[in-house]
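Here are the chains, one letter per residue:
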Amino acid sequence: MSSKILLVDDDHAHRNMLKTLLRSWGYETVEAGSGEEAVKAVKQESFDLVLSDVRMGEMDGLHALEEIEQFNPALPVILMTAYSSVETAVEALRRGAFDYLIKPLDFDALKATLARALSVFQGALEQRGMREQLAAVSPSGALPSILGRSPCMRDLLDMIDTVASTDATVLITGESGTGKELVATSLHAKSARSSKPFVVVNCAALAETLLESELFGHEKGAFTGAEKRRDGRFVQAHGGTLFLDEIGEMPVTLQAKLLRTLQQGEVQRVGQDVPINVDVRVIAATNRNLEEEVAAGRFRQDLFFRLNVITIAVPPLRERSEDIPLLAASFLERCAARNKKKVKGFAPRAMDALLRHAWPGNVRELENAVERALIMSKGDFIVPDDLPLSITSAGHAPLDTSSLQNMTLDDVERLAITQMLKVTHDNKSETARRLGITRSTLHSKLKKFENG
Ligand SMILES: Nc1ncnc2c1ncn2[C@@H]1O[C@H](COP(=O)(O)OP(=O)(O)OP(=O)(O)O)[C@@H](O)[C@H]1O
Ligand SMILES: [Mg+2]
């Protein structure tokens, strides 16, 4: 189904030209000749996007934008404006426009902006479908399942299904916050061992001797402080799964003992000679590159081979940004329930910022950002201002220098200033500071643009 765009312009010729263009790109269009008509249309029909001129007779595009925003905050509105009204454009963004384009229109830029806005809107729609689904599955919103519909996550879910039923050792790799522990939990839950214990040991959290007794247990009096005999985690996990998190941090001497246990299926308590048989499936995770650790002599190659029977690599979030709307919606749902707050979803520009961010902290960072946004939010929708600044300002794509070829130095200056005003939400002092000019220089430049 093609997307439906409401085209608003009082200039008949310009509107016609745009209509032809949009239709040639496969969009369905409905036209409005004024702001009032546009508002009426939005209240009567459903659209995927509004493309509107700013300067029109009675009701200008800004007012129309405001009314449309009020009626349907999830609907992206793109404004078209002349070069001379940079300030208007900034005002438009402040009032919730998705983006603005400068006339005369650059058709490639128009095409790209439309596509971006529509994909964000699509994401918002999916969000809603998703929320209904989530609500149906678990009314409390607590759903520890692995969410993702990107091709790489589908492959990963298939892999989990295939591997879960075997007793093979699995090594889960991936950057911090990608969901390694969640994958381990899911492997256990889907295995025949699911009714038996799932035991987690974080190999980075304990010093060597403590980690050894934690894993293998100790006899009474095996060392100072060992007041009674204690089972290790291996014994506790008997029949179930032992998850060795951050295995890359395990001291080399312990690695040797772990390897023996894995090979022989028996553990030896510290201070005891008789081994105990255990039936444990081992899953290990690391955010290090173990091959590099092996090459550097910090990780035993034989243990690496033993653990690496099956590897599940969890991709970083930036390589599966299609999953962001789904994840964000589910986190929002969960946080809202927890905080007893009502929020309908993300405004298009907020979702756009989420989609553009690189997420170095992966899913965990997204989860935290959504939680913070929910706490900050005052309206029905999460807006960019609710998000951490690192996300809203870092989201801007790097400057495409090929577009500089047809620009004068004046144009470049204008572009830099407009962009920075966008980033700082029209904060002039901050804009001047970041551009390395004084406030009064900024003012005189803005004046010059207005008159040019
Ligand atoms: N695909 C996903 N669907 C739903 N929630 C997810 C998904 N991936 C990760 N999460 C959530 O993100 C958070 C981080 O995940 P997890 O702790 O599994 O990451 P990790 O890779 O083990 O991180 P670290 O390397 O820092 O230990 C958790 O709250 C988890 O529930
Ligand atoms: Mg983890």
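The structure contained in this document is the topic of the report that follows.

What counts, and where the lines are drawn
Residues numbered from 1 in each chain as written. Chains lettered and ligands numbered in written order. Predicted model: local features only at pLDDT ≥ 70, side-chain atom pairs only at ≥ 80, totals over all residues. Helix = DSSP H or I, 4+ residues; strand = E, 2+ residues; numbered from the N terminus. Rg over C-alpha atoms; globule rule 2.2 N^0.38 Å. Buried ≥ 20, exposed ≤ 12 C-beta atoms within 10 Å, placed from the backbone. Contact = placed C-beta atoms within 7 Å. Near = placed C-beta within 6 Å. Nonpolar A, V, L, I, M, F, W, Y, C, P; charged D, E, K, R; others polar. Domains from an automatic or database assignment. Pairing = 2+ DSSP bridges. Axes fitted to C-alpha atoms, helices over the stretch in contact; angles between N-to-C directions.

## Points about the overall build of the protein chain
The number of helices and strands found in the protein chain is 19 helices and 16 strands. The C-alpha atoms of the protein chain give 29 Å as radius of gyration, which overshoots the globular expectation for 452 residues (22 Å, by more than 25%). Principal axes of the C-alpha set define a box for the protein chain whose edges measure 90 × 50 × 40 Å. In the protein chain, buried positions account for 34% of the 452 residues. Relative to all contacts within the protein chain whose residues are 6 or more apart in sequence, the contacts with residues 24 or more apart total 71%.

## A closer look at the site of ligand 1
Around ligand 1, 16 residues are found, and the nearest of them are Leu147, Gly179, Lys180, Glu181 and Val363. Of all the secondary structure elements, the ones that give two or more residues to the shell around ligand 1 are helix H7 (180-189) and helix H15 (362-376). Tallied by class, the residues present in the shell around ligand 1 amount to 5 nonpolar, 7 polar and 4 charged. A domain-level breakdown of the shell around ligand 1 finds at least three residues from each of domain 2 (122-145 + 320-394) and domain 3 (151-317).

## Thoughts on the sheet that holds strand S10 (residues 241-245)
With parallel pairing, the 5 strands of this open sheet are ordered in space as S7-S10-S13-S6-S14. The two strands at the open ends of the sheet, each matched to only one other strand, are strand S7 (198-202) and strand S14 (310-313). Within this sheet the neighbouring strands show an average axis-to-axis angle of 20°, counted without direction. Sheet topology note: the S10/strand S13 (residues 281-286) ladder contains 4 bridges and is parallel. Bridging from a neighbouring strand, threonine 241 pairs with arginine 281 of S13.

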